[in-house]
Amino acid sequence: MQKQTISTKPIRSLEDALDRCQILGMRVSRQRRFILELLWQANEHLAAREIYDRLNQQGKEIGHTSVYQNLEALSSQGIIECIERCDGRLYGNISDSHSHINCVDTNQILDVHVELPEDLIRKIEEETGVRITDYSINFFGYRNPPEG
């Protein structure tokens, strides 16, 4: 008996996200579609409250509870990204492995794909005794560096 595997293809578009929902047997409700469309249009990390506010400003009436429940379902299934910060969770549209640039002065988080040299990964594995299967790097910096 052959085991069925769920696609681990990276989600890089709204269509990929909708396809993954269907593959996982998740109903693509009107509210879920609104949230996914907003995250792909915004192309930035947003708090649940920002998502709620933006959708309602667009005339897409959706309740607070529905936003939170859908964000939880989508992030727990790996369809969207959830970043835990001290001031709350932020949600983004890229769910595959990537790194972040944290812009200190604008408080934005930018997605960036970084590939470390293979010899550096091997060196870290040798030093730690841990086989690295994935990684994410957090960079911090300023868009407008402080004077001085």
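Scroll up to find the structure this text is about.
The structure reproduced in this document is the subject of the present report. (Residues numbered from 1 in each chain as written. Predicted model: local features only at pLDDT ≥ 70, side-chain atom pairs only at ≥ 80, totals over all residues. Heavy atoms only, no water.)

## A look at the sheet that holds strand β5 (residues 138–141)
Point 1. Taken in spatial order, the 3 strands of this open sheet run β4-β3-β5, and their pairing is mixed. Edge positions in the sheet fall to β4 (108–112) and β5, since each of these pairs with one other strand and no more. Averaged over all adjacent pairs, the angle separating strand axes in this sheet is 25 degrees, with direction ignored. (Pairing = 2+ DSSP bridges. Helix = DSSP H or I, 4+ residues; strand = E, 2+ residues; numbered from the N terminus. Axes fitted to C-alpha atoms, helices over the stretch in contact; angles between N-to-C directions.)

## Some details on the side chain of N70
Point 1. Take N70: it is sitting in helix α4 (residues 64–76).
Point 2. Of the polar contacts made by the side chain of N70, one reaches the side chain of R32; its length is 2.8 Å.
Point 3. Setting aside chain neighbours within four positions, we find N70 in contact with S29, Q31, R32 and I35. (Polar contact = N/O pair within 3.5 Å; in protein donor to acceptor, adjacent residues only side chain to side chain. Contact = heavy atoms within 4.5 Å.)

## Looking at helix α3 (residues 48–57)
Point 1. Among the residues of α3, those classed as buried are A48, I51, Y52 and L55. On an axial view of α3, the arc spanned by its buried residues comes to 100 degrees, and they lie on one face.
Point 2. For α3, the elements touching its buried residues are α2 (30–42), α4 and β2 (88–92).
Point 3. Phi for G59, located one or two positions after α3, is positive at around 85 degrees. (Buried < 20%, exposed > 50% of the residue type's maximum accessible area, 1.4 Å probe, protein only. Arc of directions from axis to C-beta.)

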